[in-house]
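# Commentary on secondary and tertiary structure
Letter by letter, the chains look like this.
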Amino acid sequence: MTELNWSISFDERISPEGMPNAAKVDDYANFHKKSIKEYKEFWAGLATELDWFKPWDKVLDDSNPPFYKWFAGGELNASYLCLDRHVKSARKNKVAIIWEGEPMEDGKPKEVRKLTYYDMYREVNRVAHMLKEKYNIKQGDVIGIYLPMIPELPIFMLAASRLGAAFCVVFSGFSSDAIAERMNDAEAKIIVTADGSWRAGKMLDLKSIVDQAMQKAKTVKNVVVVTRTRNKVNMVEGRDEYFEDAMKGVHTNAYVEPERVKSESPLYILYTSGTTGKPKGQVHDVGGYMTLLHATMKWVFDIKDSDVYWCMADIGWVTGHSYIVFGPLMEGATEVMYEGSPVFPEQNRWASIIERYGVSVFYTSPTAIRGWIKGGEQWVKMHDTSSVRLMNSVGEPINPEAFKWLFRLVGREKVPFGSTWWMTETGGIMISHVPGLMMLPMKPGTNGFPIPGIDAEVVDEKGNPQKAGERGFLVLKKPWPGMPLTIFKDPNRFVDVYFSKFPGQFYAGDYAVRDPDGYFWVLGRADEIIKVAGHRLGTYELESALIQHKAVAESAVVGVPDEIKGEVPVAFVILRQGFIPSEQLKGELKELIRQQVGPIASLKDVFFASKLPKTRSAKIMRRVVKAVAMGMPPGDTTTLDDEASIDEIKNAYAQLSGEVGKK
Ligand code: WT7
């Protein structure tokens, strides 16, 4: 359970400059009220701004809730929206992606690629042609993608969507087991990877990770390997092929008709961690999703043709899917994409990127900012970052110190700077400031307000609106475009996880509070999901990896605070008969997690115990485990989700802390 670890300063309002249309809370409140009352008409108005091959029959098919179909019967294509539209316009030779690789020399990247919309269009067409002719990829298929941050990643995503096929991207920090599990669940036909990638001076051997995954991935028949590092990799005859070879016969001017897909057909499947069970495949649609991205690119990022936009996320997470690939490209923006670490070879790489490309709209994260603060502000001051006119943060609550630091050093204490709340499930931003529409005063740490068309609320345990200043659960009360179609192959779970705690409403799993001015402050997860550097990890995945070790009988993983990453996981382990705690065993368990889940899940520590605290209903009392890991008393015993009695908690705490203390 996450507790708020800084004090909220509700009254500290900052009015950003340069927003001619700044309006009062009352105006926004009224506009918003109307938008949620007539939400179907409201969203339909936005959807008409997209290019449809065939208009929808119904704005919202709500005949089978919570499985909603937005713009049912309408036909469109995401790759057409991102490419063909611009190629027919003055944007044809406008730069779409400025990419730089990691290796640097004298403060400059060794490799920069600038791809125009026409370049992207031609390449996506050629790749789509190859996928179709060579691997018989068509509508209804799924392709797996395990690529680093190179232009081929968005190119393959767009090529799949051009064919009406869905894709499933696995973040390159995940392990072979994590890939295999996702490929099997998604029933991917092929997987696209690279011979390697650079991160912080190290070469990541992605292909050998895929080779291991292939031993378990039953449905994947072929591996396409993009050349990046020229690392020597093992190619399996008849199964693996270099991308360059696969493309050899494809005409330089190949064209593939964009498939006219139904609005409610799947664009992609992206796996996220939950509290229990294996990762859930969130299925996102085309029509609703693209409509939400269109709206939020305009309202939240105020995107203009003159902007240079930079979202620092990795495309392997939803932030990159929505706000590196589909959102900015649909809007015809020029954007920056980079490989590697933003603080390698030196702390200033990110600030140097802003300066070198003149970034004007910047999307970053609290974990990144905390790292920069630690590195020291001299690294930012080396560069002219005054091109930045708007900033946003995402991934976890932003602590006011981090907000103020970036606001001062890059924001020059005047540019709009918000914290956009959303999640993999929501497809796009839900609660945020909307400088592109009207700007309300900012408060360091707040998320602002639900965007137009989104009906969010903080409720108590019974689902009634919570009083101002009181913590409650965050819910979304109406369907929205961009919501998942379902959890892939598990519709019951979709209903259970999101729509059963508060029937008919989407339960986000976050604690939130509204301040007396109505601003939303999302406080953190109300469940056992851990956020490591803004990335979501489920305790279940880590625990099920640990029990695969022959010495482990049972385990509990909890997140503990970390200065930079926000949270990091630690494990409590009960050993089987005949095994004794040792440093070597700790090392083995840490390595096991890296192997099974991936480096992003690295355990900070392992504690050995002989018993784990449980409630009478046999649920592990993670709050107690967490308190022990942090060397703190069990703490607040009045939380809303508490299943155990106060005595039970106190006893369990005394027992476990005594035990762990001994060792
Ligand atoms: C969880 C979703 C969606 C982009 C990246 C994360 C937390 C995200 C914020 C924010 C407070 C935030 C929530 C949410 N979260 N953004 N601006 N303020 N909390 O996607 O991995 O699906 O994680 O991230 O706890 O539930 P995700």
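Right above here is the structure, for reference.
Below: a short report on this structure. (Residues numbered from 1 in each chain as written. Predicted model: local features only at pLDDT ≥ 70, side-chain atom pairs only at ≥ 80, totals over all residues. Heavy atoms only, no water.)

The next thing to look at is the overall build of the chain. When its secondary structure is counted, the chain shows 19 helices and 34 strands. Here the chain has a C-alpha radius of gyration of 24 Å; the compact-globule value for 663 residues is 26 Å, and the two agree. Taking the principal axes of the C-alpha coordinates as reference, the chain spans close to 70 × 65 × 60 Å. Here the chain holds 663 residues, and the buried ones make up 63% of them. Considering only residue pairs separated by 6 or more positions, the chain has 73% of its internal contacts joining residues 24 or more positions apart. As displayed, the chain has an accessible area near 25,300 Å², and 50% of this comes from carbon and sulfur atoms. (Helix = DSSP H or I, 4+ residues; strand = E, 2+ residues; numbered from the N terminus. Rg over C-alpha atoms; globule rule 2.2 N^0.38 Å. Buried < 20%, exposed > 50% of the residue type's maximum accessible area, 1.4 Å probe, protein only. Contact = heavy atoms within 4.5 Å. Areas by Shrake-Rupley, 256 points an atom, 1.4 Å probe, with all protein chains shown as cover.)

Turning to unusual backbone geometry, a few remarks are in order. Residue Pro 66 is bonded to the preceding Pro 65 through a cis peptide linkage, with omega at 0°. Residue Phe 344 is joined to Pro 345 through a cis peptide bond whose omega torsion reads 5°. Here Pro 345 lies in the loop between β19 (334-338) and α11 (349-357). The backbone of Phe 71 sits at a positive phi, close to 55°, despite the residue not being glycine. Looking at the element boundaries, Phe 71 is found in strand β2 (residues 69-72). What makes Phe 71 buried here is its relative accessible area of 0%.

What follows deals with the nonpolar core. Residues Trp 43, Met 130, Leu 131, Phe 156, Met 290, Tyr 323 and Phe 326 are the most contacted members of the largest nonpolar core, which totals 178 residues. Sort the elements by how many residues they give to this core and helix α4 (residues 117-135) lands first, with nine residues. Apart from residues lying up to four places away in sequence, Trp 43 is in contact with Trp 70, Phe 71, Thr 291, Leu 292, Ala 295, Trp 299, Ile 451, Pro 452, Gly 453, Ile 454 and Pro 481. With 32 residues, the next largest nonpolar core counts Ile 98, Ala 402, Val 410 and Met 442 among its residues. (Core = buried A, V, L, I, M, F, W, Y, C linked by side-chain atoms within 4.5 Å.)

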